[in-house]
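Listed below, chain by chain, are the residues.
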Amino acid sequence: MYNLYLYIILYMNTSQIYLKKLSKNLIIFFLSIIFAFILFFLSQDSTIFQASILWIQDIEKIQENQRDIAYKDSDWVLDIFVSDVFLQQNYSSIDITILYDYQNLILNTQDIQSPKDYTTSYNQSWLVSFSFYDLQNINSQESLLIIPFSWSMNNILISNATASKWSEEYSLSIGNLSEYTQH
């Protein structure tokens, strides 16, 4: 009788252990399904994974050439950065004008990304201007503006950049960080 009692207790303990393991495995299984769906939906919009940062060589190039604004292209994306020196000036706004060959280049204005709000104006079919009025909390090592485009980088450049402070306007120094041209 004592052996039967031990057997029943052992059987109940064993079944409780199996139930705990089974419930833990079911929770892990359902969490993995939810995680897989989240990853699937996040991967549908690849722009959320897009970020651009400056390399150390780029930062040194900006400082060496004393540029206020620098831009580079990679994988059909134009990245525009501002320098630390520019940010120290406490400008109230900035206007950046991009000149491009509209016959050979398409700017994807639907997918432009920026950490700041901006306005866009098209002066002619080959000029587009971006205006920023809130320049607080900008990181100089991250893109101020990410503009997707098609075709060749040789057909696009920043033609003009001005900043304002107390109703005075200042021309900014512009540099190209791409390997194609340096100016």
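Let me sum up the structure you'll find in this document. Think of each chain on its own: its residues are numbered from 1, step by step along the sequence as written. Residues qualify for local features only when their pLDDT is at least 70, as the model is predicted, and side-chain atom pairs are given and counted only at 80 or more; totals for whole chains, interfaces and linings, by contrast, use all residues. In computing side-chain values, all of the structure's heavy atoms are included and hydrogens and water are not.

**A short note on the overall build of the protein chain**
Short version of the rule: In this description a helix means any DSSP run of H or I spanning at least four residues, a strand means any run of E spanning at least two, and both kinds are numbered starting from the N terminus. Only protein chains enter the accessibility calculation, which uses a 1.4 Å probe. A residue is then buried if its area is under 20% of the maximum for its type, exposed if over 50%, and partly exposed in between. Any pair of residues with heavy atoms lying within 4.5 Å of one another is described as a contacting pair. Accessible areas in this description were obtained via Shrake-Rupley with a 1.4 Å probe; residue shielding takes into account the shown protein chains only.
A count of helices and strands for the protein chain gives 3 helices and 9 strands. For the protein chain, the N- to C-terminal ordering of α and β elements is α-α-β-β-α-β-β-β-β-β-β-β. The buried share among the 183 residues of the protein chain stands at 33%. Partitioning the contacts of the protein chain with sequence separation of at least 6, the portion at a separation of at least 24 is 71%. Of the accessible surface of the protein chain, which amounts to about 12700 Å², a share of 58% is contributed by carbon and sulfur atoms.

**With respect to the pairing of strand β3 (residues 93-100)**
Convention followed: Strands are labelled as partners when DSSP assigns at least two bridges between them.
Of all the 8 residues making up β3, 6 are buried; the element is thus mostly covered by neighbouring parts of the structure. Both β3 and strand β7 (residues 156-165) contribute to a ladder of 8 bridges, which runs antiparallel. Looking at the pairing, Ile-94 lines up with Ala-163 of β7. Inspection of the sheet shows β3 paired to strand β5 (residues 127-132) by 6 bridges, in the antiparallel sense. Note on β5: the bridge partner recorded for Leu-99 is Leu-127.

**Here's the deal with the nonpolar core**
Quick note on the threshold: In these notes, a set of buried Ala, Val, Leu, Ile, Met, Phe, Trp, Tyr and Cys residues joined through side-chain atoms within 4.5 Å is what counts as a nonpolar core.
If you look at the biggest cluster of nonpolar residues, it comprises 29 residues, and the most contacted ones within it are Ile-69, Ile-80, Ile-94, Ile-96, Ile-98 and Ile-147. Those elements giving two or more residues to this core turn out to be β1 (69-73), β2 (77-82), β3, β5, β6 (145-148) and β7. In contact with Ile-69, other than residues within four places in its own chain, are Ile-80, Phe-81, Val-82, Ile-94, Ile-96, Ile-158, Ala-161, Leu-172, Ser-173, Ile-174 and Gly-175.

**Overview of the pairing of β2**
When you tally the buried positions in β2, you get 6 out of 6 residues, the bulk of the element. Side chains of β2 alternate between two faces, with Val-77, Asp-79 and Phe-81 and Leu-78, Ile-80 and Val-82 buried alike. Bridging between β1 and β2 involves 5 bridges; their strand directions are antiparallel. Its bridge partner being in β2, Ile-69 is matched across the sheet by Val-82.

**What about the sheet that holds β7?**
For clarity, the threshold we go by: Axis definition: a line fitted to C-alpha atoms, over the contacting stretch in the case of helices. Angles run 0 to 180 degrees between N-to-C directions.
Spatially, β4-β5-β3-β7-β8 is the arrangement adopted by the 5 strands of the open sheet, whose pairing is antiparallel. Of all strands in the sheet, those bounded by a partner on one side alone are β4 (118-124) and β8 (168-171). Averaged over neighbouring strand pairs, the angle between their axes works out to 20 degrees when direction is ignored.

Keep in mind these numbers describe shape, not what the thing actually does.
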